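Structural overview
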Amino acid sequence: MNKPKLTPRQLVAKMKTEKGITFNYISEENAIKFLKEKNNYFRLAAYRKNYDKKLLGSEQGKYMNLDFACLVDLSIIDMRLRRIVFQMCLDIEHDLKIKLLNDITIDENEDGYSIVDDFVNRYDDLKDEIYKKRYSTYVGDLINKFFSFDVHLNANNKVIYDEFNVNCPLWAFVEIISFGTFIKLYEFYYDTKAPLQSSVLNPIKSLRNACAHNNCIINNLRRGNTKPTSKVSQFVAKVSNISKDERKRHLSSQPMFEFCTLLMVYNDIVSENVKSHRYSELCELVNERIVQHSIYYENQQLLKSSYKFMKKIVDFLQ
């Protein structure tokens, strides 16, 4: 059965009576105003997954220790974290591209064109990715300069390529493709000698895409079923004040695993000047903004332990 749409006032009443959400730090009237002007309930309520529900009694199913102000605060922290994380992902992408281009430049067996031709012809789905971007404001000119197409539609309106000609240099190609495709290209060139394997780069891609699409990334930090790669586990194990149990518990959470993977790769490959600037932003968030309303979370063990885990790693890197 579809849920009926509700006004902000009705949503606040529902949160209070059905969900057990309190309004001790933000009044109900200000919460109504917030839902009208600042954020929608569906997005804001995503962070409730970090809170336990009462299992017994007349209030069974209602959330424990969850105030509306917590949802607001977590949404702001998440927004600030997404901005920093997205920039870090872009920094990694940039440095990986520079590394690949430099290695191609000194490779006497590559002219910078043949690798693109071989790569595109290896993966048929790449043709669709390139063809669909041919009218793009930002990369359409590059595509139409270095690629030519002769296509027709089959009975199911699927594009069939009668001809797909490639004469594109690598330095232009990396500007056209998505980060996911770049990871394939990266592995295609380095093969088994890739400095970073896809098992390390794919979690960063996942985090990058979440940030790019403005998805919530700390809406569920509970212990999960994620099995971290050995490299990430070893990286976190270097932080002496993180116990083995703490490491295993938090890395089982997919968002935390992806964040730690990002930090590991970032620390290894990004230049010191860029790294110093980004770490300063991250430290300000962790040591100042996140704890600004710590009183909200006095009885919330999951978020407190997740914060301590994150802070230990950031302090270790700084």
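A few points on the structure. (Residues numbered from 1 in each chain as written. Predicted model: local features only at pLDDT ≥ 70, side-chain atom pairs only at ≥ 80, totals over all residues. Heavy atoms only, no water.)

**Observations concerning the environment of R80**
With respect to the helices and strands, the residue R80 is situated in helix α4 (residues 68-105). For R80, a relative accessible area of 25% puts it in the partly exposed group. Considered as a pair, R80 and A212 are 132 residues apart in the sequence and their alpha carbons are 13 Å apart. In contact with R80, other than residues within four places in its own chain, are E284, L285 and R289. (Helix = DSSP H or I, 4+ residues; strand = E, 2+ residues; numbered from the N terminus. Buried < 20%, exposed > 50% of the residue type's maximum accessible area, 1.4 Å probe, protein only. Contact = heavy atoms within 4.5 Å.)

**Here's the deal with the pattern of salt bridges**
Within the structure shown, the criterion is met by 18 salt bridges. Across the pair D78 and R82 runs a salt bridge, and its minimum N-O distance is 3.4 Å. Of this pair, D78 and R82 both sit in helix α4, four residues apart, which is roughly one turn of that helix. One exposure class covers both D78 and R82, and it is buried. (Salt bridge = Lys/Arg side-chain N within 4 Å of Asp/Glu carboxyl O.)

**Brief notes about the packing of α4 against helix α10 (residues 198-212)**
If you want to describe how two helices pack, look at the angle between their axes and the distance between the axes. Here α4 crosses α10 at 130 degrees, and the two axes come no closer than 9 Å. Taken together, the axes of α4 and α10 lie oblique to each other. The two elements α4 and α10 cross, and the hand of that crossing is left-handed. Facing α4, whose interface residues are R82, V85, F86, C89, L90, I92, E93 and L96, α10 presents L201, I204, L207, R208, C211 and A212. Grouping the constituent residues of the contact of α4 with α10 by class yields eleven nonpolar, no polar and three charged. (Axes fitted to C-alpha atoms, helices over the stretch in contact; angles between N-to-C directions. Parallel < 35°, antiparallel > 145°, perpendicular 65-115°, else oblique. Left-handed = near helix turned anticlockwise from the far one by under 90°. Nonpolar A, V, L, I, M, F, W, Y, C, P; charged D, E, K, R; others polar.)

**Points about the pairing of strand β2 (residues 159-166)**
Pairing geometry for strand β1 (residues 147-153) and β2, over seven bridges, is antiparallel. Bridge pairing in β2 places F149 opposite F164. Here β1 folds back onto β2, and the loop between the two strands holds five residues, one of which, N157, carries a positive phi near 60 degrees. (Pairing = 2+ DSSP bridges.)

**Observations regarding the packing of aromatic side chains**
What the rule picks out here adds up to 19 aromatic pairs. With centroids separated by 6.5 Å and ring planes inclined at 40 degrees, the aromatic side chains of F147 and F173 adopt a geometry described as tilted. Placement of the pair is F147 in strand β1 and F173 in helix α8 (residues 170-176), with a sequence separation of 26 residues. A single burial state applies to F147 and to F173, both of which are buried. Centroid distance Y189 to Y190: 5.0 Å. Interplanar angle 70 degrees. Geometry classified as edge-to-face. Put simply, the rings of F119, Y123, Y131, F147, F149, Y161, F164, F173 and F188 pair up and form one aromatic cluster. (Phe/Tyr/Trp six-rings, centres within 6.5 Å; stacked < 30°, edge-to-face > 60°.)

**Some thoughts on the state of the cysteines**
Evaluation of the coordinates by the stated rule reveals zero disulfides. Of all cysteine sulfurs, the one in C216 lies closest to C70, which takes part in no disulfide; the gap is 16 Å. We classify C70 as buried; its relative accessible area is 1%. C89 carries a free sulfur, and the closest cysteine sulfur to it, the one in C211, is 5.8 Å from it. On the accessibility criterion, C89 (0% relative accessible area) is buried. (Disulfide = S-S within 2.5 Å.)

**Observations regarding helix α6 (residues 124-132)**
For α6, the complete set of buried residues consists of L126, K127, E129, I130 and Y131. Among the structural elements, α5 (114-122), α7 (140-146), β1, β2, α8 and α9 (179-190) are those in contact with the buried residues of α6.

**Considerations on the nonpolar core**
One finds F68, F147, F173, L185 and I313 to be the most contacted residues of the largest nonpolar core, which totals 105 residues. A per-element tally of this core places α4 first, with 17 residues. (Core = buried A, V, L, I, M, F, W, Y, C linked by side-chain atoms within 4.5 Å.)

**As for the side chain of N39**
Among the structural elements, N39 can be located in the loop between α2 (28-37) and α3 (41-44). Residue N39 is classed as buried on the basis of its relative accessible area of 17%. Setting aside its immediate chain neighbours within four residues, N39 contacts F34, L44 and S75.

By themselves, these figures tell us nothing about what the structure is for.
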